[in-house]
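# A structural walkthrough
The lines below spell out each chain.
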Amino acid sequence: MASPAVTSFSPVRDVCDYELLFDCVHCGLCAEACPTYIVTRCEMDSPRGRIYLMKSIAEGRIELDDDAARHLDLCLGCRGCETACPSGVHYGRLIEGARSFVERNHRRSLVDRLKRRAVSAIFPYPNRLRMLLAPLKLVDRLGLTAALRTIAPRTIRDWLDLLPSLEGRERPLASESTVAPRADAPTVVVHHGCVAQVLANSENLNSERILAAAGYRVVQLEPTACCGALDLHSGNAARARDFARANVRALKRSGADAIVSAASGCSVAIEEYADLLKDEPDFVEDARAISSRVRDLSSLLLDAPANPKREFRGRVTYHDACHLVHGLGVRDAPRKLLASIPGVTIVEMTESDLCCGSAGSYNLTEPAMARELARRKADNIVATGADYVVLANPGCEFQIAAELRRRGSNIKVVHLADFLAMASR
């Protein structure tokens, strides 16, 4: 990488929100909360190092070359650094701005471009994803999955490893509520997302049924557009804003008092619509109203008018999905909810809030680092001796389950909504 003394490059202040860079006092307290720094021990793979990198590019002291782009690409966007930061640095906004700059100004290798375009063209669109998976369902039914893995290129094998079972994820586990909610009960809408409604729709349906059983009035949101998180994380801010506008319109029409997503990354994306659409007069007020209504499933259930429970015996450890704990600040509510189930024993894992390596589409575009973090997470899970690892994000579920399958582990990886449904039957 070029020395900071080099001044032959032109300043480019649109790398990110330039003024936000000065909130960082370079204390380094963020480093040990950063998964990539923990693995590489490279300063430029820490939040402090990446902020220095963004500032250097913005001020024209270095150029955006392959090395600089690599350090920015390797960030998971987990925002663990925000929780650790004493200065309140808005790192999430900075890295999303920098990634948008990289996409506009840096030419990647052909393989990398094809991989990213495939993710961008398919994953935010549920119907396209269903079409892609249809042949895989047939292969699975014919018992040819192992043969397919043998002949598939390594990248395709890695992607196949992350797929959950393609059967049985469309049906809810929880029984439908037989008690009509009070007319004045709060209304809740569950945003079904894009990937989640194809690969883990039981989590959406169970969320709705559990909320209804707890006394909320659940309203339906159709159709559901992608929340825009995948695009924000990969530097496509323009399409993220398109999705945000569509969701603001739909969520406003729903009239719901609270907005929930089974994917914590989606929850944070929706909560940040006010900032994403701040420069759009036709949307900013509605976006603020929508952002203020985002809630977490566990928090709503703890505040519920009713909260029926049945005994469910098992040792449970809880994994903190990054955006839930670092984006929404929800840490205690899921644990309190799980601990309130008779028969459940909670066992804490080491580094419960360290990223598992899923990070949206990160495990597809950065498989080596994602796999290293998955191994670290699985080590910590196995050490608890738990029967179940519960979490609040389908991407984390797929990532952790894949690593535990590779080890032949019997630990079950279950989304919080599905676990609560199992415990309520």
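Please refer to the structure placed before this passage.
Residues numbered from 1 in each chain as written. Predicted model: local features only at pLDDT ≥ 70, side-chain atom pairs only at ≥ 80, totals over all residues. Heavy atoms only, no water.

Time to look at the environment of L29. Here L29 lies in the segment before α1 (35-40). Between the C-alpha atoms of L29 and D67, which are 38 residues apart in sequence, the distance is 24 Å. (Helix = DSSP H or I, 4+ residues; strand = E, 2+ residues; numbered from the N terminus.)

Our focus in this paragraph is the sheet that holds strand β5 (residues 344-346). Where strands meet in a sheet, backbone hydrogen bonds hold them as pairs that are either parallel or antiparallel. Strand order in the open sheet formed by 4 strands is β5-β4-β6-β7, with parallel pairing between adjacent strands. If you trace the sheet from one side to the other, it starts and ends with β5 and β7 (412-415), each paired once. Sheet twist, expressed as the average angle between the axes of neighbouring strands with direction ignored, equals 35 degrees. Strand direction decides the pairing type here: strand β6 (residues 388-391) and β7, joined by 4 bridges, are parallel. When the sheet's bridge partners are listed, Y388 is paired in β7 with K412. Against the sheet, helix α19 (residues 332-339) engages β4 (314-318), β5 and β6, with an angle of about 175 degrees to β4. (Pairing = 2+ DSSP bridges. Axes fitted to C-alpha atoms, helices over the stretch in contact; angles between N-to-C directions. Contact = heavy atoms within 4.5 Å.)

Among the residues of helix α16 (residues 284-291), those classed as buried are V284, A287, I290 and S291. Along the axis of α16, the buried positions cluster into a sector of 120 degrees, meaning they face one direction only. Buried-residue contacts for α16 involve α13 (237-254), β3 (258-261), α14 (264-271) and α15 (273-276). (Buried < 20%, exposed > 50% of the residue type's maximum accessible area, 1.4 Å probe, protein only. Arc of directions from axis to C-beta.)

On to the environment of S207, then. With respect to the secondary-structure elements, S207 resides in helix α11 (residues 201-213). On a C-alpha basis, the gap between S207 and V218 in space is 9.8 Å, while along the polypeptide they are 11 residues apart. Residue contacts for S207: discarding those within four places in its chain leaves V190, A262, L297 and A417. At 2.7 Å, the side chain of S207 forms a polar contact with the backbone oxygen of E203. (Polar contact = N/O pair within 3.5 Å; in protein donor to acceptor, adjacent residues only side chain to side chain.)

Burial along β3 is two-sided: the face carrying A258 and V260 and the face carrying I259 and S261 are both buried. By the bridge criterion, 4 bridges tie strand β1 (residues 187-191) to β3 in an arrangement that is parallel. Each bridged residue has a counterpart across the sheet, and for H191 the counterpart in β3 is S261.

Right, let's talk about empty space enclosed by the protein for a bit. Going through the model one piece at a time under the given rule, you end up with 5 cavities of 30 Å³ or more. Here the largest cavity is characterised by a volume of approximately 130 Å³. Counting residues per element, the ones that place at least two in the lining of the largest cavity are α2 (47-58) and α4 (80-84). The element contributing the most residues to the lining of the largest cavity is α2, with 3 residues. In terms of residue class, the lining of the largest cavity is made up of 11 nonpolar, 3 polar and 2 charged. (1 Å grid on protein atoms, 1.4 Å probe; cavity = no way out; pocket = protein on both sides within 12 Å on 5 of 7 lines; lining within 4 Å. Points joined across faces, edges and corners; volume = space filled by probe spheres on them. Nonpolar A, V, L, I, M, F, W, Y, C, P; charged D, E, K, R; others polar.)

Look at α2 against helix α5 (residues 91-105): their axes get within 11 Å of each other, and the N-to-C directions meet at 50 degrees. Between α2 and α5, the angle falls in the class oblique. Handedness of the crossing formed by α2 with α5: left-handed. The residues of α5 that touch α2, namely those facing P47, R50, I51, M54 and I57, are Y91, L94, I95, A98 and F101. Here the contact of α2 with α5 is built from residues that sort into 9 nonpolar, no polar and 1 charged. (Parallel < 35°, antiparallel > 145°, perpendicular 65-115°, else oblique. Left-handed = near helix turned anticlockwise from the far one by under 90°.)

Ordered by their spatial adjacency, 3 strands build an open sheet running β2-β1-β3, and the pairing between neighbours is parallel. The sheet is open, and its two edges are formed by β2 (217-219) and β3, each paired on a single side. Going across the sheet, the axis of each strand differs from the next one's by a mean of 35 degrees, ignoring polarity. Relative to β2, β1 is paired through 3 bridges, and the arrangement is parallel. Bridging from a neighbouring strand, V188 pairs with V218 of β2.

The analysis is restricted to geometry; functional conclusions fall outside its scope.
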